[in-house]
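# Structure assessment
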Amino acid sequence: LQMGLRRLTGKGKLDEKDIDDMLREVRLSLLEADVNYKVVKKFLADIKEKALGEEILKGLNPGQQVVKVVREELKKTLGDEAVDLNIKEHGTTIVMAVGLQGAGKTTAVGKMALFYRKKLKKKPMLIAADIYRPAAVDQLVTLGKSINVPVFEMGTKVSAEKIVTEGLKKAREEGCDLVFIDTAGRLQINEELMQELKNVKEIANPDEILLTVDAMAGQDAVNVALSFHKDLDITGIILTKLDGDTRGGAALSIKEMTGIPIKIMSTGEKLDAMEIFYPDRLADRILGMGDVLTLIDTVQENINEEEMKQMAEEMMKNNFNYNDLLKQFKMIKRMGSISKLLGFLPGMGQMKQAMSQVDDKAFDKIEAIIYSMTEKERCHPELIDKDFKRRDRIAKGSGRSIQEVNRLRTMLEQMKKTMKQMKNMDEDDAKRMSQQ
Ligand code: GDP
Ligand code: MG
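Residues numbered from 1 in each chain as written. Chains lettered and ligands numbered in written order. Predicted model: local features only at pLDDT ≥ 70, side-chain atom pairs only at ≥ 80, totals over all residues.

In the annotation of an unreviewed UniProt entry, the entry for the protein reads Signal recognition particle protein, and the organism field reads Anaeroplasma bactoclasticum. The UniProt entry for the protein carries this comment under Sequence similarities (unreviewed entry): "Belongs to the GTP-binding SRP family. SRP54 subfamily." (UniProt positions renumbered as here; feature names shortened; annotations may be inferred.)

In structure tokens:
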């Protein structure tokens, strides 16, 4: 893929052939990640349309631009943002985990109990409804003990339907408000299993039916998902074993073919190895172009961020002067977007207001005023404050009015004040403000 990218580097304009060349590489990469070939075909057809209409951003070469489009589409396809489980604030939430044997249901159930007990202060309970797999009940009981979560079980001689009925009763009695049902799997889908799961679903009326899919299952995952979905109306996917070296292409296939959102990622055998699903992370992994993506990110943000940091540090110094202001304006202009700049700095609540009145043309005027100052005046703003003659000279030299020069002085004062406030804040305050 990087070779394809290199071939494209340095060209000024993106034509259809360039896109085709690049997409051929992307296609290979996706197939390598085990994405279903039909999905790849459809996905890339969409991309081509998008890429053809797209302007090449400043700072990116054509190849990177294509990859950028691919990446954005991939994220969009996987889900625009993280989708958390549908857990009720009040009342009992019931989550049913289904999937093939060995996919990681039991482990995931334990992980989710632990995760949501901590995150939402829920009181979880696990119901052992896998009566077929040898030692499945024991496995869940042991797991429950290790995280101190109650497990309801009735051995393996009672039907799953009965266990679930009794388990839910018990959960209500004990005041457990987040119930996970660990169901049986099979090596392959069969009628008997599906019927049992349908029965359990009817009894439990779950808020979530999560299909557990082994990320390493690759191509098969789609068919599995389709048949579970047909019978059970799956509400979300738990993608497991992402700690392996699979790129997780199955996720893209499932999402494209079934539309079911991926909700949980399981990343190891330990019980804390679970994350809510973030599309951007998996998108990058499926694309499998770490270096290129890092490069794009760097071009887009990191270089500027580094400069921003330096600038912020300088601004924090007490002797903030017209030269600093000039530097800022240059950077803002180069970046093209004020709001983006503001996003990089802590404490931008106040500053955003001050700056929102300033459009790009206003920058030019202000620059002209500063250029009409002597170096000494730029470094020592108080010289101008004290001396009307200097202000008059600067106004004439820049072709601006005295009022405008005065407005600039006020602006510098305001910014200085903000800087001082920011300097006095402790780190927590800074963090809080940057999140505003
Ligand atoms: P079930 O049959 O669907 O209930 O699957 P289990 O939860 O019993 O898991 C089957 C095996 O996969 C066990 O050995 C688990 O430790 C392992 N496993 C489950 N989830 C993960 C994961 O995210 N990463 C890794 N490496 N192993 C996992
Ligand atoms: Mg199990």
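### Focus on the overall build of the protein
Per the secondary structure count, the protein includes 21 helices and eight strands. In the protein, buried positions account for 38% of the 436 residues. At a minimum sequence separation of 6, the contacts of the protein that also span at least 24 residues come to 76%. (Helix = DSSP H or I, 4+ residues; strand = E, 2+ residues; numbered from the N terminus. Buried ≥ 20, exposed ≤ 12 C-beta atoms within 10 Å, placed from the backbone. Contact = placed C-beta atoms within 7 Å.)

### Observations regarding the nonpolar core
By size, the foremost hydrophobic cluster in this structure holds 91 residues, and its most contacted members are M112, L126, I127, V179, F180, I181 and V213. Looking at which domains feed residues into this core, each of domain 1 (2–78) and domain 2 (93–287) gives three or more. When residues no more than four places from it in sequence are discounted, the contact partners of I127 are F152, I163, V164, G167, V179, F180, I181 and D182. (Core = buried A, V, L, I, M, F, W, Y, C linked by C-beta atoms within 7 Å. Domains from an automatic or database assignment.)

### Structural notes on the packing of helix α3 (residues 37–53) against helix α10 (residues 249–258)
Following both chains from N to C, one finds α3 and α10 inclined at 75°, their axes separated by 9 Å at the closest point. Judged by the inter-axis angle, α3 sits roughly perpendicular to α10. Contacts between α3 and α10 involve V39, K42 and F43 on the former and, on the latter, L252, S253, E256 and M257. When its residues are assigned to classes, the contact of α3 with α10 shows four nonpolar, one polar and two charged. (Axes fitted to C-alpha atoms, helices over the stretch in contact; angles between N-to-C directions. Parallel < 35°, antiparallel > 145°, perpendicular 65-115°, else oblique. Nonpolar A, V, L, I, M, F, W, Y, C, P; charged D, E, K, R; others polar.)

### Description of the sheet that holds strand β1 (residues 93–98)
Hydrogen bonds between backbone atoms are what pair the strands of a sheet, whose relative direction is either parallel or antiparallel. With mixed pairing, eight strands are arranged side by side in an open sheet as β3-β2-β4-β1-β5-β6-β7-β8. At either end of the open sheet lies a strand with only one pairing partner, and these are β3 (151–152) and β8 (274–276). Bridge analysis of strand β5 (residues 208–214) against strand β6 (residues 236–240) gives five bridges, and the strand direction is parallel. Looking at β6, one finds that D214 is bridged to T240. (Pairing = 2+ DSSP bridges.)

### As for the pairing of β5
Residues in a regular strand project their side chains so that they alternate between the two faces of the sheet. Within β5, seven of the seven residues are buried, leaving the element largely enclosed by the surrounding structure. Sheet topology note: the β1/β5 ladder contains four bridges and is parallel. When the sheet's bridge partners are listed, M96 is paired in β5 with I209. Between the parallel elements β5 and β6, the chain passes through helix α9 (residues 220–232) in a crossover that is right-handed. (Right-handed = clockwise from strand over helix to strand, strands pointing away.)

### Let's talk about the packing of helix α4 (residues 62–78) against helix α11 (residues 279–287)
Helix packing for two helices is described by the angle between their axes and how far apart those axes are. Interaxial distance between α4 and α11 falls to 9 Å at its minimum, and their mutual angle equals 125°. What the angle tells us is that α4 and α11 run oblique. The chirality of how α4 crosses α11 is right-handed. Only P279, D280, L282, A283, I286 and L287 of α11 make contact with α4, whose side of the interface consists of V70, R71, L74, K75 and L78. Along the lines of polarity and charge, the residues of the contact of α4 with α11 split into eight nonpolar, no polar and three charged. (Left-handed = near helix turned anticlockwise from the far one by under 90°.)

### Focus: the confidence of the model for the protein
Taken over all residues, the pLDDT of the protein has a mean of 83, while the share at 70 or more is 79%. Scored by ipTM, the complex comes to 0.99, with pTM at 0.68. (pLDDT = per-residue confidence, 0-100.)

### Looking at the environment of R186
Mapped onto the secondary structure, R186 falls in the loop between β4 (178–183) and α8 (191–204). Sequence spacing of R186 and Q101 is 85 residues, and the spatial spacing of their C-alpha atoms is 4.9 Å. Residues in contact with R186, not counting those within four places in the same chain, are L100, Q101 and L193.

### Quick word on unusual backbone geometry
A negative phi angle characterises most non-glycine residues, just as the trans form characterises most peptide bonds. Phi at D34 is positive, roughly 75°, even though this residue is not glycine. A residue is classified by how many C-beta atoms lie within 10 Å of it, and D34, with 22 of them, is buried. For A135, which is not glycine, the phi dihedral falls at a positive 65°. Within the secondary structure layout, A135 lies in the loop between β2 (124–129) and α6 (136–147).

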